[in-house]
Structures are given as structure tokens and as C-alpha cells.
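These are the residues of each chain, in order.
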Amino acid sequence: MMKMKMKVTGLLAFTLLSISILSYGISGPAFATSDPNPALPVSSELETYSNGGSVKISGTIADYDSSSGKGLTFLVISPDNAIVQIGQLTPNQIDSDGSFTKSFVAGGKYWKASGDYTIEFHYGADESKVTVNYLGGSPIVSGQPEPTPEPEPEPTPEPEPEPTPEPEPEPTPEPEPEPTPEPEPICGAGTELVNGICQVIQTAPPPPDSGCLIATAAYGTELAPQVQLLREIRDNTLFSTTSGTSFMLGFNTLYYSFAPTIADWERENPMFKETIKTLITPMLSTLSIMSLADEGSEMEVLGLGISVIALNLGMYIAVPAFIGFKVTKHIKSRK
């Protein structure tokens, strides 16, 4: 009898333990939208977004010091591990308690493939990331009125037979009324009529939300003429051609790997800031040559771009190397 009770007790304990383990495994989250990093927690408003949806990311910088002048850098990485968007939140875009919000528009020129997009945030040595699922597809079309239903023809009443032995001739059938043509739909604002359907007017997508961090920190504001020149060359000249767009995507991957750090050093050290301003002034003068290229001209953008690169290589590498060679030769000749 005692052995029977022990067997029943052991069986119940094993059953309860199995149910606990299964319920724990099932209750885990199926999709994580936030990074648990306590120093830089971030989260998305939704997990899934369609074409044209607004992706809103919120987060908090722990132990945030607004007087440090450091910015928060962000990168948007596509499902094939390509950087499609990059930029920085300056200190005046971050609340005093360290909280921040950043919004993106899903879709357009850079959100091409559907899948999981990773958004990384970097603040000093702390980093965090959040993943959202982009469904892709076409933008939602609105403003198309419902077609007016065609009126059904009224049935022709059958004539009553007259009381006569002679058969009545069959009545001639009336012709069916012609169908009423459907009215053309009236498109709303921001749409156009294409093949009888209102579609959203496609406009050129905006360039990535990024800027020249080093030049902005050197001149103190994004409204400086030098920074405006760089932005106009990027948006109006380089992004108007396929070769220029490819060059900028590759350049941004390299540039934003070190630009946030140098921009922080400029804000912290005025002497370093003036040194950087002096060094980039000749480069800005040569880049003004790119404004001579016609918008959308592949040959002119490619030719002037190669000329500007060669000119900068000569100023920053060839000339200093030649001067160093001459000085070394002169010193050796005096010995």
C-alpha cells in the first residue's frame, strides 16, 4: 500500500513538473522589438510596417550628460546587411533626461526589399538596436469612388390575349437599352488617373537622413554656406545619377565609421575644431567644381568627380610628399 502511494505521488510530481516546463517554453515572446541594453534601451512603436508607414523608435540614454556635446548616431540596415540610412541626433534633439524619438518612412528608394530591417543606435561606447519587419508592397491608393451600378431594364409587360379564336401575332421585342458608361473616377490630392485607376503620384525619394557631421561641427551650424554647398552637391548632383548614388552609399559606409567621433572631438576642443576647419577649406573649394555638372548627366558627374578626387589627392598627398622629399634631400646634401 505504501509503495502504491509513493508511485502515485511521484507520477503527480512528474506531471506538474512537465506542465511547468512546457508552459514556460510556450510563454516566451515570439518577436522582440526592443534591445534590453540598460544603458541604451530602444523600442519600436509597432513590429510590422507596410509601404509608406511611419516607423517610430523611442529610447533613453542612461546617465545622459547634455553638457558633453556628444551626439547619438543611428544606422538603418536592410535584410541584405546594406546600410540604407544613416545620421545623427544632435544634443538639442535629445531631452534633458536622455529620452529621444526618431521617425523613419518605410519604403521609397532605399527600403526596397521586404524583410527584417535593423536600426542601430550608438552613443559613445554604448550601442543598442531594434528590428522591425517591412512588408513592402504598393502604397495604399485612396480617393477612388465606387462605380455606379448599371440600371436593370424594366421587363416588358406581356399583352393580354383578346378573346378571339385567331392567334395573336407575337409582339416585337423591344431593343435592350445600351449600358450606361461608367464615369471616370475623380482623383484626390496627391493622386493621378492611370488606366482608369487613381494612383499616388510618384516623386523622387528624399536622400538619406544624414549630413556632413565634421563640417557641421567645424562651422557650428548646418546653415553655414560651406555645409549648404556640400548638401546641394550631394542632393542635386550626385544623387541625380546612378554612379553618384552608388558612390555616396559606399562613401557613407566608410565616412560614418569615424565621423561621429571626430565631430565630438571638435565640440570638446576648440583648437582641434579650428585645425579641422583649416584642413577641409581647400577640399570645399575643389568640390565647388561639381556644381558645373548638369543634373542627371552621368558623363559630366563621372568626369568632374574623377577630376575632383585627383585634385584632392594631389593637394593632400602628392604635394606634402614632394615637399617632404625636397626637404629631406636638402638636409642630406648639407651633411
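Note that residues are indexed from 1 along each chain, following the sequence as it is written. Where totals are concerned, whole chains, interfaces and linings use all residues; where local detail is concerned, this predicted model gives features only for residues with pLDDT of at least 70, and gives and counts side-chain atom pairs only at 80 or more. Values reported for side chains reflect all heavy atoms of the structure, with hydrogen atoms and water molecules removed beforehand.

## Describing the overall build of the protein chain
Starting at the N terminus, helices and strands are each numbered in turn, a helix being any DSSP run of H or I of at least four residues and a strand any DSSP run of E of at least two. Scanning the protein chain for helices and strands turns up seven helices and 11 strands. Contacts are residue-level and defined by heavy atoms, with any inter-residue pair within 4.5 Å sufficient. Long-range contacts, defined as pairs at least 24 residues apart, comprise 63% of the intrachain contacts of the protein chain with a sequence gap of at least 6. Only the protein chains shown count as covering a residue, and every accessible area follows the Shrake-Rupley method with a 1.4 Å probe. Looking at the protein chain as shown, the accessible area adds up to about 22700 Å², and 61% of this sits on carbon and sulfur atoms.

## Describing the sheet that holds strand S8 (residues 115-123)
Pairing between strands is defined by DSSP: at least two bridges between the two strands are required. Ordered in space as S3-S9-S8-S5-S6, the five strands form an open sheet in which the pairing is mixed. Whereas interior strands pair on both sides, the edge strands pair on one side only; in this sheet they are strand S3 (48-49) and strand S6 (83-89). As paired strands, S8 and strand S9 (residues 126-134) are joined by nine bridges and run antiparallel to one another. Across the sheet, residue Glu120 finds its bridge partner in S9, namely Lys129.

## Some remarks on the packing of helix H6 (residues 270-287) against helix H7 (residues 298-334)
Geometry is summarised by axes, namely lines fitted to C-alpha atoms with helices restricted to the contacting stretch, and by angles between N-to-C directions that run from 0 to 180 degrees. Direction vectors running N to C along H6 and H7 enclose 155°, while the axes themselves pass 10 Å from each other. The orientation of H6 with respect to H7, classified from their angle, is roughly antiparallel. Every pair of crossing elements has a handedness; the one defined by H6 and H7 is right-handed. Across the interface between the two elements, Leu279, Ile280, Pro282, Met283, Thr286 and Leu287 from H6 touch Val308, Leu311, Asn312, Met315 and Tyr316 from H7. The nonpolar class holds Ala, Val, Leu, Ile, Met, Phe, Trp, Tyr, Cys and Pro. Asp, Glu, Lys and Arg form the charged class, and all remaining residues, Gly among them, are polar. Residue composition of the contact of H6 with H7, by class: nine nonpolar, two polar and no charged. Any angle that falls under 35 degrees is termed roughly parallel, while one over 145 is termed roughly antiparallel, one within 65 to 115 roughly perpendicular, and all others oblique. Helix crossings are classified by the rotation of the near helix relative to the far one: an anticlockwise turn of less than a right angle makes the crossing left-handed, while a clockwise turn makes it right-handed.

## Considering the pattern of salt bridges
Within this document, salt bridges are pairs made up of a side-chain nitrogen of Lys or Arg and a carboxyl oxygen of Asp or Glu, the two lying within 4 Å of each other. For the structure on display, the rule yields two salt bridges. The salt bridge involving Arg267 is made with Asp264; its shortest N-O contact spans 3.0 Å. Of this pair, Arg267 and Asp264 both sit in helix H5 (residues 259-268), three residues apart, roughly one helical turn. The residue Glu274 makes a salt bridge to Lys277 at a minimum N-O spacing of 3.8 Å. Of the two residues, Glu274 and Lys277 both sit in helix H6, three residues apart, roughly one turn of that helix.

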